[in-house]
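Chain by chain, the residues:
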2 protein chains.
Amino acid sequence: MINCRMMVPGSENRRRIWIYLCSPVERMNPFDTVDHADHSGFGNTGPLRERRAYDPIVQAMSGLMAVTGFAGQPPVRTGAAIADTATPMIAVIGILSALMRRQSTGRGDWVDVSMLDALSFLMPEVIEYYQGGAIDPPLANRHPGGAPFNCFHATDGYVYVATVTDIDWNNLLRAMDREDLIDDPRYAHLPDRHDHVDEVEAVVENWIKGRPRDGVVDVLQSHQVACGPVLSMDEALASEQLRARDMLIPLETPEGKAVPGIMGLGIPIRFADDPVQFDVPAPQLGQHNHDVYGALLGVDDAEIARLKDAGVI
Amino acid sequence: MINCRMMVPGSENRRRIWIYLCSPVERMNPFDTVDHADHSGFGNTGPLRERRAYDPIVQAMSGLMAVTGFAGQPPVRTGAAIADTATPMIAVIGILSALMRRQSTGRGDWVDVSMLDALSFLMPEVIEYYQGGAIDPPLANRHPGGAPFNCFHATDGYVYVATVTDIDWNNLLRAMDREDLIDDPRYAHLPDRHDHVDEVEAVVENWIKGRPRDGVVDVLQSHQVACGPVLSMDEALASEQLRARDMLIPLETPEGKAVPGIMGLGIPIRFADDPVQFDVPAPQLGQHNHDVYGALLGVDDAEIARLKDAGVI
């Protein structure tokens, strides 16, 4: 059994319903039969452990907002709640590790994961380059690990082009019919291209600006240059690639009825031998009350009915 | 044994060194003794499987850039390489799942994870709100799940304030000594506050604009309002919270010497019973060649010496 909690540490003491529901689990010897996983904004320890957080609070305090956006503009959050969604991934790693340990030793564990720790852990390259003096935030669309490495304006949209190695740069020059620059010592190696970043970006910008977005991508990718279109949400949701990989799947109501035109996300892990997929739609509110409170926690039918009548569950 | 590859599908056929080094592993029955994990930009299947990607290409094609930033500005990437760093987390979940299956069944698996799948998987709330017509990208610092929910200018910096529930809103009003608005029907419930978002934001903006950043945070947090300062990278790296949780640890050279003043990231999972930590510094290039090619893959000393002389390893 895995007992997951997502709340500010200590708040269970102020929420009697939680204690009530949890106590049958907590009375078990937790390390023998239960793995616990706590998720919170700042974790179970440290001076900020009782602070409240939603996703952007952690984006702000991790430094992520400091490195995102354009110089001279106000700070801006990443448009998806990545601290909210990445933290449970880290917790799942902790839970699976604890389960494996239990398979080997018979003893489980108690996992404590915070959104601030998790989001910081996703920023190693920023922290390294910053401490090395290689970046002066915000970064906009450049990156200290490559040049040219930016977002360029095509006739009908934007193309992101990212070159890192000298091979990348030479491939890009061939794609643009600019072999004349391959042996140019001003741009030969990455430090040279960083020293002349405006010049190498101008070469790319001038080539792209009169061309359509998708045509640019086709030419560059055919020369093994990492690039891609900046897609609108409509385009992203129409992705043939995501559909081919079962990452956009028709959504169903809890009763199993299709919701026309609305897609949900699939599972981002493909197993060759034992593939996984969603087998039931999302449950209705309270659909599994009897399974959880009754079969799992041992609350009897009369008490479940009383809790339901009282509006507790 | 876990065999991890990070390359465009098919490129191993163009890289004989890879085949050479891999073949002792691949000759084993992979599902009996080895778990494989492939990481790539777009995965082993689908029409884009052979395309090249670095992190921002996937940010562009997932729609993340479309929802990030301010209206009327060019698209902008998230300042950290989150597709690069989140994808291996998803892969680790796949690897641990395959290892657990092998502990139970004796049979491992082959895991295929793509950066595009992984980053899309971190955007469920964006995809839901967008399909529901609740957002018109880019989102800047607002969010359809709350109001007021934005980044506000204090005298000496920015504070992010995020309210979602009616309780959050009432707590915020008490913190600002604006109890007079608690029963105001214009702002009573979240849909009301969305309808009057400029008004509720103005209430917060006016209260914050004459106050210092950290003082605002202290007052609001003492009223259980989720908020936080927008920290610079220097401030984020000085975080007492991250230090208390061993998330910022002194970096060592491969020889075990301290690198004064430079911090590396710790492990974002705290186990209560069996804590984990880094026990050795990062290896020097080739430090483990004998362990990997010799002990693990069975290449003899003479051949290892020959490969080294030839510059292959």
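As shown above, the structure is provided for reference.
In short, a report on the structure. (Residues numbered from 1 in each chain as written. Chains lettered and ligands numbered in written order. Predicted model: local features only at pLDDT ≥ 70, side-chain atom pairs only at ≥ 80, totals over all residues. Heavy atoms only, no water.)

What follows concerns the relation of the copies chain B and chain A. Relating one copy of the chain to the other takes a rotation about an axis and a shift parallel to that axis. Once chain B is rotated about the relating axis by 180° and shifted along it by 0.0 Å, it coincides with chain A to within an RMSD of 0.0 Å. Taken together, the rotation and translation describe the operation of a two-fold axis. Interface overlap between copies is the fraction of interface residues in one copy that are interface residues in the other; for chain B against chain A it reaches 100%, indicating a shared surface. (Least-squares fit on C-alpha atoms with pLDDT ≥ 70 in both. Contact = heavy atoms within 4.5 Å.)

Before going further, it helps to examine unusual backbone geometry. Of the consecutive residues A147(A) and P148(A), the connecting peptide bond is found in the cis state with omega at -5°. With respect to the secondary-structure elements, P148(A) resides in the loop between helix 7 (124-131) and strand 4 (149-154). In this model, P137(B) is joined to P138(B) through a cis peptide bond whose omega is -5°. Locating P138(B) in the fold gives a position in the loop between helix 7 (124-131) and strand 4 (149-154). At A140(A), a position not held by glycine, the phi torsion is positive, near 50°. Within the secondary structure, A140(A) is located in the loop between helix 7 and strand 4. (Helix = DSSP H or I, 4+ residues; strand = E, 2+ residues; numbered from the N terminus.)

Let us now look at the sheet that holds strand 1 (residues 2-6) of chain A. What links the strands of a sheet is backbone hydrogen bonding, and the strands pair in either a parallel or an antiparallel sense. The strand order across the open sheet built from four strands is 1(A)-2(A)-3(A)-9(B), with neighbouring strands paired in mixed fashion. Bordering the open sheet on either side are strand 1 of chain A together with strand 9 (270-271) of chain B, each of which pairs with just one other strand. Across two bridges, the pairing between strand 3 (residues 110-114) of chain A and strand 9 of chain B is antiparallel. Considered in strand 9 of chain B, the bridge of D112(A) is made with R270(B). (Pairing = 2+ DSSP bridges.)

Below, the discussion takes up the packing of aromatic side chains. Residue and element names in this part refer to chain B. For the structure shown, the criterion picks out four aromatic pairs over all chains. With a centroid separation of 6.1 Å and 85° between ring planes, the pair formed by F149 and Y160 is classed as edge-to-face. Linking F149 in strand 4 with Y160 in strand 5 (residues 157-162), this pair joins segments that are 11 residues apart in sequence. Across this residue pair, the class does not change: F149 and Y160 are buried. When the ring of W169 is compared with that of Y187, the centres are 6.1 Å apart and the planes differ by 75°; the resulting orientation is edge-to-face. Of this pair, W169 sits in helix 8 (residues 166-175) while Y187 sits in the loop between helix 8 and helix 9 (190-195), and the two are 18 residues apart along the sequence. Judged by its relative accessible area of 0%, W169 falls in the buried class. When its relative accessible area of 4% is taken as the criterion, Y187 is described as buried. (Phe/Tyr/Trp six-rings, centres within 6.5 Å; stacked < 30°, edge-to-face > 60°. Buried < 20%, exposed > 50% of the residue type's maximum accessible area, 1.4 Å probe, protein only.)

This part is about the environment of L285(B). Inspection of the secondary structure puts L285(B) in the loop between strand 9 and helix 14 (289-296). Separated by 246 residues in the primary sequence, L285(B) and H39(B) place their C-alpha atoms 22 Å from one another.

For the rest of this paragraph, the subject is helix 5 (residues 82-105) of chain B. In a regular helix each residue adds 1.5 Å, so 24 residues correspond to 34 Å; helix 5 of chain B covers 34 Å between its end C-alpha atoms and thus fits that length. Two residues or fewer after helix 5 of chain B comes G106(B), characterised by a positive phi angle close to 80°. (Expected span 1.5 Å × (residues − 1).)

Of all hydrophobic cores here, the largest spans 71 residues; its most connected members are M233(A), I57(B) and M233(B). Dropping the residues within four chain positions of it, I57(B) is found in contact with Y160(A), A162(A), A226(A), C227(A), G228(A), F42(B) and R52(B). Counting residues in hydrophobic clusters, the runner-up holds 32 residues, among them I93(A), I95(A), M100(A) and L122(A). (Core = buried A, V, L, I, M, F, W, Y, C linked by side-chain atoms within 4.5 Å.)

What follows is about the interface of chain B and chain A. On the chain A side, the residues contacting the 122 residues of chain B number 122 residues. Buried area between chain B and chain A, both sides added, is near 10300 Å², and the carbon and sulfur share of it is 66%. At the junction of chain B and chain A, the tally comes to 10 salt bridges. Counting across the chain B and chain A interface gives 53 residue pairs in polar contact (both at pLDDT 80 or more). For the side of chain B that touches chain A, the element with the highest residue contribution is helix 5 of chain B, accounting for 16 residues. The residue inventory of the side of chain B that touches chain A, partitioned by class, reads 71 nonpolar, 32 polar and 19 charged. (Buried area = accessible area lost by both parts, 1.4 Å probe. Salt bridge = Lys/Arg side-chain N within 4 Å of Asp/Glu carboxyl O. Polar contact = N/O pair within 3.5 Å; in protein donor to acceptor, adjacent residues only side chain to side chain. Nonpolar A, V, L, I, M, F, W, Y, C, P; charged D, E, K, R; others polar.)

This brings us to the pairing of strand 4 of chain A. For strand 4 of chain A, a buried count of five out of six residues is recorded, marking the element as mostly surrounded by other parts of the structure. Counted between consecutive antiparallel strands, the loop separating strand 4 of chain A from strand 5 (residues 157-162) of chain A contains two residues.

Let's shift gears to the environment of D246(B). All names here are of chain B. Relative to the elements of secondary structure, D246 occurs in the loop between helix 13 (240-244) and strand 7 (248-252). D246 sits 19 residues away from L265 along the chain, and the two C-alpha atoms are 8.2 Å apart. If we ignore the near neighbours within four places in the chain, the residues touching D246 are G266, I267 and R270.

Moving on to the pattern of salt bridges. Following the criterion strictly, the structure yields 32 salt bridges over all chains and no others. A salt bridge links D274(A) to R101(B), with the nearest nitrogen and oxygen atoms 3.3 Å apart. On the criterion of chain membership, the pair formed by D274(A) in the loop between strand 9 (270-271) and helix 14 (289-296) and R101(B) in helix 5 is interchain, its members lying in two chains. For D184(B), the salt bridge identified is with R186(B), shortest N-O distance 2.7 Å. On the accessibility criterion, D184(B) (13% relative accessible area) is buried. One connected set of salt bridges, linked through shared partners, spans R101(A), R107(A), D109(A), D273(B) and D274(B).

Before going further, it helps to examine the side chain of Q241(B). With respect to the element layout, Q241(B) can be found in helix 13. For Q241(B), a relative accessible area of 2% gives the class buried. For Q241(B), the side chain forms a polar contact with the main-chain oxygen of T45(A), separated by 2.9 Å. Beyond its immediate stretch of four places on either side in the chain, Q241(B) contacts F42(A), T45(A), G46(A), P47(A), L48(A), R49(A) and L116(A).

Moving on, we come to the sheet that holds strand 5 of chain B. Residue and element names in this part refer to chain B. If you walk across this open sheet you meet the three strands as 4-5-6, and the pairing is antiparallel. Both outer strands of the open sheet, strand 4 and strand 6 (227-229), are each paired with one neighbouring strand and no more. Adjacent strand axes in the sheet meet at a mean angle of 20°, parallel and antiparallel pairs treated alike. Docked against the sheet, helix 10 (residues 197-208) engages strand 4 and strand 5, running at close to 25° with respect to strand 4. (Axes fitted to C-alpha atoms, helices over the stretch in contact; angles between N-to-C directions.)

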